[in-house]
Amino acid sequence: MDDVFVRPASRRNLRDMVRGLLSDVPRKKMWQVAEAAGHPDPDRLQDFLARASWDADGLRDRVREFVMDAGRRCGADR
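For clarity, every value in this text was computed on a predicted model and none was experimentally measured. (Residues numbered from 1 in each chain as written. Predicted model: local features only at pLDDT ≥ 70, side-chain atom pairs only at ≥ 80, totals over all residues. Heavy atoms only, no water.)

J.: Hey, could you run me through the packing of aromatic side chains in this one?
T.: Ring pairs (aromatic) are described by centroid distance and by the angle formed between their planes. A complete count under the given rule lists three aromatic pairs for this structure. Ring geometry for Phe5 versus Phe48: centroids 5.9 Å apart, planes at 40 degrees, classification tilted. Of this pair, Phe5 sits in the segment before helix H1 (8-21) while Phe48 sits in helix H3 (residues 43-51), and the two are 43 residues apart along the sequence. Here the two residues Phe5 and Phe48 agree in accessibility, since each one is buried. Judged by its relative accessible area of 3%, Phe5 falls in the buried class. Pairwise contacts between aromatic rings join Phe5, Phe48 and Trp54 into one cluster. (Phe/Tyr/Trp six-rings, centres within 6.5 Å; stacked < 30°, edge-to-face > 60°. Helix = DSSP H or I, 4+ residues; strand = E, 2+ residues; numbered from the N terminus. Buried < 20%, exposed > 50% of the residue type's maximum accessible area, 1.4 Å probe, protein only.)

Geometric descriptors of this kind do not, in isolation, establish any biological role.
See the structure below:
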């Protein structure tokens, strides 16, 4: 999904955010998400969410494609 973000730092922040959200921490508050991603505090991820530029339609399409491919691999093709 790197192609929907202009800056390399935004690409890293997206990966960190997803890693934190998919972690096994019981509460998905920004502090916990940041810590699970290896950040000392949530500042960088909060700034990413508030200020980063990305192609929202492109990201939506990429996520949809990923989910559809996963569904086909599991035999859930409709």
